[in-house]
Amino acid sequence: MEMATVDRARDHASDAAGGILTSDFRAGRTDIRFEIQVEDGREHRVMTLKVTGTVAAP
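Residues numbered from 1 in each chain as written. Predicted model: local features only at pLDDT ≥ 70, side-chain atom pairs only at ≥ 80, totals over all residues. Heavy atoms only, no water.

## Some remarks on the overall build of the protein
Phase 1 of the analysis: Secondary structure assignment for the protein yields 1 helix and 2 strands.
Phase 2 of the analysis: In sequence order, the secondary structure elements of the protein are arranged as α-β-β.
Phase 3 of the analysis: A compact globule built from 58 residues should have a C-alpha radius of gyration of about 10 Å, whereas the protein, at 14 Å, is more than 25% larger.
Phase 4 of the analysis: When the backbone C-alpha atoms are referred to their principal axes, the protein occupies close to 45 × 15 × 15 Å.
Phase 5 of the analysis: Considering the protein as a whole, with its 58 residues, one finds that 19% of them fall into the buried category. (Helix = DSSP H or I, 4+ residues; strand = E, 2+ residues; numbered from the N terminus. Rg over C-alpha atoms; globule rule 2.2 N^0.38 Å. Buried < 20%, exposed > 50% of the residue type's maximum accessible area, 1.4 Å probe, protein only.)

Below is the structure:
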């Protein structure tokens, strides 16, 4: 996806991470790991959002 600014790309990545986390959790996954990379218009990475989590039930 292309965004107008890096700030918008960061916001979108954050929203997407929340959606992925919620979807995985609802699907019953308990060991969740993924990353989202944000690049500028020159294909230089400006951000990597890494999510790692384990759901523990009592």
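## Focus on the environment of Thr52
Phase 1 of the analysis: You can see Thr52 is positioned in strand β2 (residues 45-54).
Phase 2 of the analysis: Through-space distance from the C-alpha of Thr52 to that of Leu21 is 9.5 Å; in sequence the pair is 31 residues apart.
Phase 3 of the analysis: Those residues in contact with Thr52 that lie beyond four places of it in its chain are Ile32 and Arg33. (Contact = heavy atoms within 4.5 Å.)

## Considering the pairing of β2
Side-chain positions along a regular strand alternate between the two faces of the sheet.
Phase 1 of the analysis: Sheet analysis places strand β1 (residues 31-39) next to β2, joined by 9 bridges and oriented antiparallel. Residue pairing for β2: Glu35 is matched across the bridge by Lys50.
Phase 2 of the analysis: Between β1 and β2, which pair antiparallel and follow one another directly, the connecting turn spans 5 residues, one of which, Glu43, has a positive phi of 65 degrees. (Pairing = 2+ DSSP bridges.)

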